[in-house]
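# Residue-level structure breakdown
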Amino acid sequence: MDETTESIATLFRSNSNHHIHHKDDCSNNVDIILNVTSQESQNDVEEERNDTMSSHDRPPLPRQQQQQYPSYFSSSFSNETPIPDHSLKQQTSWRTSTTSVDIDVTASFSSSSEEEKENVMPKAVSERKVKAVNYDTKNHVSVLFQMHGSVWPKVFPYCISNVSLTILIYYLRTFHNIDLTFSDKGHSFMSMMVSFLVVTRSSIVYSRFMEAREYLNEAMKACREFSQHAITFTRYETTPRAKLWRAEVLRRTLVLLRTIVSVLEYQTKGQHAWKVPELTQDEKQALLMSVGRSNERSPIVLAVFLRSAIACHQEYLDVPMHCNKELRLFAFVSDVVTAYHGLMKLVTTPFPFPLVQMGRTFLFVWVFTLPFALVNDVVKLPALILIVFFITYGFVGLEYVSIELDDPFGDDPNDFDVLGLAQVVFEDIYIAVLDIDGREAANALRESV
């Protein structure tokens, strides 16, 4: 144990006399509430304390981690202590109507009432306030004039400004003999540089956008595959201890994915990862003590907790999983962590600022000096206005497309609905739990996350 870990453990032990009794029907466990050294952390822990649930039914993790995060494991079952009777009684009621383990999802829904279906079937997919961008590529009129998700509202003021400048130059040259124009040869050469910078930036940003979507898809896929494999591997384990292990492993999977979503949306919503409401009080304390306010490190700690919970199958299953099955579950967790690292690579590595600065400088200088060069060549004012308007729209619009796609984890119409995608995964896991452990288990998992 290094000095940092020792100091954390000492802080836990020195504050072990502060307890709060959770009023829960199934447990009288006592959680240790820490006095965090900074006053701000102290207030945050007190604020979140009342909104979290007791974690008495969490499978134990290795002894080394229990020593490193004593508060997180203070209310967990020890390796020597059996599951309390009240927990067994609660878990036994999870599957009272299902007598066969080889039941499929269709059979589960067909034997359920309409009210039971409503409790398990997917509800609102997302709480996102911004409507997603939908369009019909076959409808040309709709594509041309749809404003939602378009750059028209942002680019239009630039077009009007440049057209106004063009009319002013034309008016002064025609009616007052004040000639502000110059040759267009410089713009001809400069247009190559501007086009290269604008198009290159748009291409790179679009590649990053699709790469982020791919990593996000890998994380969601790995969580789905993990939950389905965990349920399939333990399908014939119907004891209360097996159900308890299954419920806790799946809960930690959901919490891990929810925390990843919170980290990705931090720049927009400003919510720290350890303040995610789905985390238990002990998990919040463990994150505070291990990584503090370093949001990007929180999912890594939760991945360790998930791996440790998987390893506990030998104590909770009557027939422990074969090592190949266990390794398969660990591989899915590694896939989630790999995808998360890919997402963080994109989040923490913005588009190089020198290229953005150079491209934008060339762009605005070239676009807003264009009227001075075109008034000499285009005699008719209507044609001049149209040319300037659409050239401005094209070049400035591409720059705004790059800005729109550069950060796909915000609340803009073209951004990813990360939370909505995660909630679809949640619903898939709830349905899988319904198949193996019944409606009560699925609803209990839904209420815990």
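Residues numbered from 1 in each chain as written. Predicted model: local features only at pLDDT ≥ 70, side-chain atom pairs only at ≥ 80, totals over all residues. Heavy atoms only, no water.

## Some details on the overall build of the chain
- When helices and strands are counted, the chain shows 20 helices and 2 strands.
- Relative to its 449 residues, the chain shows a buried fraction of 47%.
- Across the chain, the fraction of contacts at a sequence separation of at least 24, relative to all contacts at a separation of at least 6, is 75%.
- Accessible surface, the chain: about 22,600 Å² in total, of which carbon and sulfur atoms supply 57%. (Helix = DSSP H or I, 4+ residues; strand = E, 2+ residues; numbered from the N terminus. Buried < 20%, exposed > 50% of the residue type's maximum accessible area, 1.4 Å probe, protein only. Contact = heavy atoms within 4.5 Å. Areas by Shrake-Rupley, 256 points an atom, 1.4 Å probe, with all protein chains shown as cover.)

## Thoughts on the pattern of salt bridges
- Counted under the stated rule, the structure contains 14 salt bridges.
- With its nearest N and O atoms 2.6 Å apart, the salt bridge here joins aspartate 428 to arginine 224. Placement of aspartate 428 in helix 19 (residues 418-437) and of arginine 224 in helix 10 (residues 185-233) is noted, with a sequence separation of 204 residues between them.
- We classify aspartate 428 as partly exposed; its relative accessible area is 30%.
- Residues joined in a network through salt bridges with shared partners are Glu248, Arg251, Arg252 and Glu283. (Salt bridge = Lys/Arg side-chain N within 4 Å of Asp/Glu carboxyl O.)

## Comments concerning the side chain of glutamate 399
- In this fold, glutamate 399 is placed in helix 18 (residues 381-406).
- Residue classification places glutamate 399 among the buried positions, given a relative accessible area of 4%.
- At a separation of 2.8 Å, a polar atom in the side chain of glutamate 399 contacts the side chain of arginine 360.
- What glutamate 399 contacts, discounting residues up to four positions off in sequence, is Val198, Arg201, Arg360 and Leu363. (Polar contact = N/O pair within 3.5 Å; in protein donor to acceptor, adjacent residues only side chain to side chain.)

## Structural notes on the nonpolar core
- In terms of nonpolar packing, the biggest core is built from 73 residues, with Phe226, Trp245 and Val433 touching the most fellow members.
- Among the elements of the structure, helix 10, helix 11 (240-264), helix 13 (281-290), helix 14 (298-311), helix 16 (323-348), helix 19 and helix 20 (439-448) are those that each provide at least two residues to this core.
- For this core, the element with the most residues is helix 11, which contributes 13 residues.
- What valine 433 contacts, discounting residues up to four positions off in sequence, is Ile231, Leu250, Gly438, Ala441, Ala442 and Leu445.
- Of all hydrophobic cores here, the second largest spans 23 residues; its members include Val155, Val194, Val378 and Val388. (Core = buried A, V, L, I, M, F, W, Y, C linked by side-chain atoms within 4.5 Å.)

## Focus: the confidence of the model for the chain
- This prediction gives the chain a mean pLDDT of 77; 71% of its residues lie at or above 70.
- pLDDT under 50 marks residues 1-126. Its contacts with residues more than four places away, or in other chains, come to 220 contacts. (pLDDT = per-residue confidence, 0-100.)

## Some remarks on the packing of aromatic side chains
- Under the definition given, this model contains 13 aromatic pairs.
- Measuring from ring centre to ring centre gives 5.9 Å for phenylalanine 409 and phenylalanine 416, while their planes differ by 65°; the resulting arrangement is edge-to-face. Just as phenylalanine 409 is buried, phenylalanine 416 falls in that class too.
- Taken together, the aromatic side chains of Trp152, Phe156, Phe389, Phe390 and Tyr393 make up a single cluster linked through ring pairs.
- In this structure, arginine 241 is placed above the aromatic ring of tyrosine 316, and the distance from its NZ or CZ to the ring centre is 4.5 Å. (Phe/Tyr/Trp six-rings, centres within 6.5 Å; stacked < 30°, edge-to-face > 60°. Lys NZ or Arg CZ within 6 Å of the ring centre and 35° of its normal.)

## Let's talk about helix 17 (residues 353-374)
- With 22 residues, helix 17 ought to run about 32 Å at 1.5 Å a step, and its terminal C-alpha atoms sit 31 Å apart, in line with that.
- Of all the bends in helix 17, the largest measures some 30° and sits at phenylalanine 368, one to four residues before the proline proline 371.
- When helix 17 is considered as a whole, its buried residues turn out to be Val356, Gly359, Leu363, Trp366, Val367, Leu370, Pro371, Phe372, Ala373 and Leu374.
- The secondary structure elements touched by the buried residues of helix 17 are helix 9 (152-175), helix 10 and helix 18. (Expected span 1.5 Å × (residues − 1). Bend = angle between axes of the 7 residues up to and from the residue.)

## Side note on a nonpolar patch on the surface
- Taken together, the side chains of Val141, Leu144 and Phe145 define a hydrophobic patch exposed on the protein surface, amounting to about 360 Å² of accessible area.
- Tracing the sequence through the fold places leucine 144 in helix 8 (residues 140-145). (Patch = residues over 30% accessible without salt bridge, like charges linked within 9 Å, V, L, I, M, F, W, Y side chains within 5 Å.)

## Examining the environment of alanine 219
- On the secondary structure map, alanine 219 appears in helix 10.
- Sequence separation between alanine 219 and leucine 343 is 124 residues, and the spatial gap between their C-alpha atoms is 9.5 Å.

## Some points on the environment of arginine 307
- Within the secondary structure, arginine 307 is located in helix 14.
- On the basis of relative accessibility, which here comes to 27%, the residue arginine 307 falls in the partly exposed class.
- Put simply, arginine 307 and valine 249 are 58 residues apart on the chain and 8.9 Å apart in space, counted from C-alpha to C-alpha.
- When neighbours within four sequence positions are excluded, arginine 307 is seen to be in contact with Phe330, Val333, Ser334 and Val337.

## Comments concerning unusual backbone geometry
- You will see that asparagine 177, though not glycine, has its phi angle at about 55°, which is positive.
- Mapping asparagine 177 onto the fold places it in the loop between helix 9 and helix 10.
- According to the relative accessible area criterion, asparagine 177 is exposed, its value standing at 71%.

## Details of the packing of helix 9 against helix 18
- At a minimum axis separation of 8 Å, helix 9 and helix 18 run at an interaxial angle of 150°. For the element pair helix 9 and helix 18, the recorded crossing hand is right-handed. Across the interface between the two elements, Trp152, Lys154, Val155, Phe156, Tyr158, Cys159, Ile160, Asn162, Val163, Thr166, Ile167 and Tyr170 of helix 9 pack against Leu381, Leu384, Ile385, Val388, Phe389, Thr392, Tyr393, Val396, Gly397, Tyr400 and Glu404 of helix 18.
- When its residues are assigned to classes, the contact of helix 9 with helix 18 shows 17 nonpolar, 4 polar and 2 charged. (Axes fitted to C-alpha atoms, helices over the stretch in contact; angles between N-to-C directions. Left-handed = near helix turned anticlockwise from the far one by under 90°. Nonpolar A, V, L, I, M, F, W, Y, C, P; charged D, E, K, R; others polar.)

## Quick word on the packing of helix 11 against helix 19
- In contact at an axis separation of 10 Å, helix 11 and helix 19 are set at 175° when each is read in the N-to-C sense. Between helix 11 and helix 19, the interaxial angle falls into the category roughly antiparallel. Residues Lys243, Arg246, Leu250, Leu254, Leu257, Arg258, Val261 and Leu264 of helix 11 touch helix 19, and the partners they reach there are Val418, Leu419, Ala422, Val425, Phe426, Ile429, Tyr430, Val433, Ile436 and Asp437.
- Tallied by class, residues from the contact of helix 11 with helix 19 come to 14 nonpolar, no polar and 4 charged. (Parallel < 35°, antiparallel > 145°, perpendicular 65-115°, else oblique.)

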